[in-house]
Amino acid sequence: MHVHLIDGTYELFRHYFPLPPERDPDGREVAAVRGVVAAVMGMIRGGATHMALATDHVIESFRNGLWARYRTEEGVALAGGR
């Protein structure tokens, strides 16, 4: 048995930034998702029998109160591309 725990947030960022933009027919950015799927398929071809995927969620910390721009999404294109 080969078990893999995948850090989904890391994998999305890992594939989002180095890959060139790619859009589906509806205009949605899909390069990162395709990169993650390719990585998972590589694990399966390599013998993985079980997988689990974990993702992060937004956690506010004391730093958000100290610095207004701490980990904001400022300068990050959302839902419309890069």
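As a reminder, the structure under discussion sits directly above these lines.
Residues numbered from 1 in each chain as written. Predicted model: local features only at pLDDT ≥ 70, side-chain atom pairs only at ≥ 80, totals over all residues. Heavy atoms only, no water.

K.L.:
For the side chain of Thr 9, give the residues involved together with the corresponding values.
P.N.:
Turning to its location among the elements, Thr 9 is positioned in helix 1 (residues 8–16). Residue contacts for Thr 9: discarding those within four places in its chain leaves Ala 54, Thr 55 and Asp 56. (Helix = DSSP H or I, 4+ residues; strand = E, 2+ residues; numbered from the N terminus. Contact = heavy atoms within 4.5 Å.)

K.L.:
Summarise the pattern of salt bridges; cite the residues concerned and give the values.
P.N.:
Under the definition given, this model contains four salt bridges. Residue Asp 24 pairs with Arg 28 through a salt bridge whose shortest N-O separation is 2.9 Å. Look at Asp 24 and you get buried, because its relative accessible area is 15%. Several salt bridges share partner residues, and in doing so they unite Asp 24, Asp 26 and Arg 28 into one network. (Salt bridge = Lys/Arg side-chain N within 4 Å of Asp/Glu carboxyl O. Buried < 20%, exposed > 50% of the residue type's maximum accessible area, 1.4 Å probe, protein only.)

K.L.:
Outline the packing of helix 1 against helix 2 (residues 31–45), listing residues and values.
P.N.:
Where helix 1 contacts helix 2, the two axes come as close as 8 Å, and the packing angle between them is 115°. For the pair helix 1 and helix 2, the crossing hand works out as right-handed. The residues of helix 2 that touch helix 1, namely those facing Glu 11, Leu 12, His 15 and Tyr 16, are Ala 32, Val 33, Gly 35, Val 36 and Ala 39. (Axes fitted to C-alpha atoms, helices over the stretch in contact; angles between N-to-C directions. Left-handed = near helix turned anticlockwise from the far one by under 90°.)

K.L.:
Kindly report on the environment of Gly 35, identifying the contributing residues and their values.
P.N.:
Inspection of the secondary structure puts Gly 35 in helix 2. Residue class for Gly 35 comes out buried when judged on its relative accessible area of 10%. Distance in space between the C-alpha atoms of Gly 35 and Tyr 16 is 8.0 Å, their sequence separation being 19 residues. Residues in contact with Gly 35, not counting those within four places in the same chain, are His 15 and Leu 19.

K.L.:
Any chance you could break down a nonpolar patch on the surface for me, citing the residues and the numbers?
P.N.:
Together, Leu 12, Val 33, Val 37, Met 41, Ile 44 and Met 51 give the surface a local cluster of nonpolar side chains, amounting to about 480 Å² of exposed area. Ranked by residue count, the leading element in the nonpolar patch is helix 2, at four residues. With respect to the element layout, Met 41 can be found in helix 2. Met 41 gets classed as partly exposed once you look at its relative accessible area, which sits at 36%. (Patch = residues over 30% accessible without salt bridge, like charges linked within 9 Å, V, L, I, M, F, W, Y side chains within 5 Å. Areas by Shrake-Rupley, 256 points an atom, 1.4 Å probe, with all protein chains shown as cover.)

K.L.:
Can you explain the packing of aromatic side chains? Please cite residues and give values.
P.N.:
With the rule as written, the count across this model stands at two aromatic pairs. For the pair Tyr 16 and Phe 17, a centre-to-centre distance of 5.0 Å together with 85° between the ring planes defines the contact as edge-to-face. The exposed category is assigned to Phe 17, whose relative accessible area is 56%. Through successive ring pairs, a cluster of aromatic residues spans Phe 13, Tyr 16 and Phe 17. (Phe/Tyr/Trp six-rings, centres within 6.5 Å; stacked < 30°, edge-to-face > 60°.)

Any functional reading would require information beyond the geometric quantities listed.
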